[in-house]
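# Chain and residue survey
Here is how the chains run, residue by residue.
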Amino acid sequence: MLNRVAVLSDIHGVLPALEAVLAEPDVAAADLIVLTGDIAAGPQPVEVLDRLADLGDRVCWVGGNADRELVEARAGRSLPIEVSNWAATQLRDDQVDRLAALPRTVTLPVAGLGPVLFCHATPRDDEEVVLVDSRMARWAEVFADLPAEVRTVVCGHTHMPFARLVDRRLVVNPGSVGMPYGGTGAYWALLGPGVQLRRTDFDVDAACVRLAAESSFPDAAGFADEYVRSRHSDADALAVFAPRDGR
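Values in this document were obtained by computation on a predicted structure and should not be read as measured data. (Residues numbered from 1 in each chain as written. Predicted model: local features only at pLDDT ≥ 70, side-chain atom pairs only at ≥ 80, totals over all residues. Heavy atoms only, no water.)

### Side note on the overall build of the protein
Assigned secondary structure in the protein consists of ten helices and ten strands. The globule rule puts the C-alpha radius of gyration for 247 residues at 18 Å, and the 17 Å found for the protein is close to it. Considering only C-alpha atoms, the protein reaches an extent of 50 × 40 × 35 Å along its principal axes. Taken over 247 residues, the protein has a buried fraction of 57%. Looking at the protein alone, contacts between residues at least 24 apart form 68% of all its contacts between residues at least 6 apart. Here the protein displays about 10100 Å² of accessible surface, and carbon together with sulfur accounts for 50% of that area. Of note, the protein has its 23 positive side-chain charges centred 5 Å away from the centre of its 36 negative side-chain charges. (Helix = DSSP H or I, 4+ residues; strand = E, 2+ residues; numbered from the N terminus. Rg over C-alpha atoms; globule rule 2.2 N^0.38 Å. Buried < 20%, exposed > 50% of the residue type's maximum accessible area, 1.4 Å probe, protein only. Contact = heavy atoms within 4.5 Å. Areas by Shrake-Rupley, 256 points an atom, 1.4 Å probe, with all protein chains shown as cover. Lys, Arg positive; Asp, Glu negative; His and termini not counted. Charge placed at Lys NZ, Arg CZ, Asp CG, Glu CD.)

Dropping the structure here:
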């Protein structure tokens with residue numbers, strides 16, 4: 001049984017944001033850090049993967065659609081996202097192998113919550129969309145095959161934090177560490193015995209300067225300005241994602 005679990009999702013290759021979260025006392029003291037996907041697709045993919053690998057068994061890795069797509073791009077598939085195509089060329093073979101082997105879901109016992117299922121988008125698919133205001137019928141559909149004993153599901157993918165009940169099952173989205181929609185900072189969650197949605201503040205200006213200086217991605221400065229500065233509000237993101245949840 002794990003007493004405290006820190007959940008980090010959607011880091012997207014932004015090392016300064018990751019470092020800020022890892023420096024949090026509650027993250028350093030957690031029994032385990034769980035990554036819920038989309039780890040490396042961004043301007044510092046090699047550095048982010050190496051930093052997390054250095055933590056060894058303190059980290060449990062779950063794959064997301066962007067991680068899968070990096071592996072596919074490395075195998076020759078062209079992606080519509082420029083930074084992902086670039087990131088795939090930067091990774092070492094051992095890093096590609098790690099991403100290729102990531103599980104889609106992991107279930108772990110957490111104090112106060114029981115068996116918790118961790119995934120990227122939904123338990124059955126790494127890129128379908130559910131939102132804080134998705135219809136109950138939509139949630140019932142994506143949770144149809146879950147074991148009854150799983151009463152808490154932690155997902156990522158949409159970069160907006162929330163916690164809500166779905167027919168007596170708790171659903172948690174920690175938000176995004178590296179590409180937050182709705183406000184600057186690095187968003188994550190702390191589990192056990194309850195759920196805390198957390199935000200880590202860091203020097204955004206310095207992080208943007210660092211990304212532009214340290215990344216060889218041609219538009220690293222533009223990426224930092226758009227995503228690290230959180231130019232997209234939660235309202236903007238919901239408007240884009242909403243048609244994809246079947247409403």
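From this point, the narrative continues.
### Overview of the nonpolar core
By size, the foremost hydrophobic cluster in this structure holds 59 residues, and its most contacted members are Leu-8, Ile-11, Ile-33, Leu-35, Ile-39, Leu-52 and Val-228. When residues in this core are grouped by element, the largest group, six residues, is from helix α1 (residues 15-22). Judged by nonpolar contacts, the second largest core, of 17 residues, contains Leu-2, Val-5, Val-34 and Leu-191. (Core = buried A, V, L, I, M, F, W, Y, C linked by side-chain atoms within 4.5 Å.)

### Some details on the environment of Ala-53
In this structure, Ala-53 sits in helix α3 (residues 45-53). The class of Ala-53 is partly exposed, set by a relative accessible area of 31%. Between the C-alpha atoms of Ala-53 and Tyr-227, which are 174 residues apart in sequence, the distance is 24 Å. Contacts of Ala-53, omitting those with residues within four sequence positions, involve Trp-61 and Arg-98.

### Structural notes on the UniProt feature "domain: Calcineurin-like phosphoesterase" (unreviewed entry) in the protein
Taken from the UniProt record, the annotation "domain: Calcineurin-like phosphoesterase" (unreviewed entry) applies to residues 4-189. Segment residues 4-189 splits into 30% helix and 23% strand. End C-alpha atoms: 10 Å apart. (UniProt positions renumbered as here; feature names shortened; annotations may be inferred.)

### As for the sheet that holds strand β4 (residues 105-110)
An order of β4-β5-β6-β8-β7 is seen for the five strands of this open sheet, with the pairing classed as mixed. Only two strands of the sheet have a single neighbouring strand rather than two, namely β4 and β7 (162-166). Taking each pair of neighbouring strands and ignoring which way they run, the sheet shows an average axis angle of 20 degrees. Both strand β6 (residues 152-154) and strand β8 (residues 169-173) contribute to a ladder of three bridges, which runs parallel. If you follow Val-153 over to β8, its bridge partner there is Val-171. (Pairing = 2+ DSSP bridges. Axes fitted to C-alpha atoms, helices over the stretch in contact; angles between N-to-C directions.)

### So, the packing of aromatic side chains
For the structure on display, the rule yields five aromatic pairs. An angle of 50 degrees between the planes, with centres 5.5 Å apart, marks the rings of Trp-139 and Phe-143 as tilted. Trp-139 gets classed as buried once you look at its relative accessible area, which sits at 0%. Seen in terms of ring centroids, Trp-139 and Phe-162 are 6.4 Å apart; in terms of plane orientation they differ by 75 degrees. Their pairing is edge-to-face. Residue Trp-139 is found in helix α7 (residues 136-142), and its partner Phe-162 is found in strand β7; the two are separated by 23 residues along the sequence. Exposure class is identical for Trp-139 and Phe-162. Each is buried. (Phe/Tyr/Trp six-rings, centres within 6.5 Å; stacked < 30°, edge-to-face > 60°.)

### A short note on the pairing of strand β2 (residues 32-36)
With five of its five residues buried, β2 lies for the most part within the structure. Residues Leu-32, Val-34 and Thr-36 of β2 are buried on one face, and the alternating residues Ile-33 and Leu-35, pointing to the opposite face, are buried as well. In this structure, strand β1 (residues 5-8) lies alongside β2, joined through four bridges in parallel fashion. What sits directly across from Val-5, in β2, is Leu-32. Looking at chain direction, β2 and strand β3 (residues 59-62) are connected through four bridges and run parallel. Opposite Ile-33, over in β3, you have Val-59 as the bridge partner.

### With respect to the environment of Phe-241
Following the sequence through the fold, Phe-241 ends up in helix α10 (residues 234-241). A C-alpha to C-alpha distance of 24 Å links Phe-241 and Pro-43, two positions 198 residues apart in sequence. Apart from the residues within four sequence positions on either side, Phe-241 is in contact with Val-129, Leu-131, Thr-158, Met-160 and Tyr-181.

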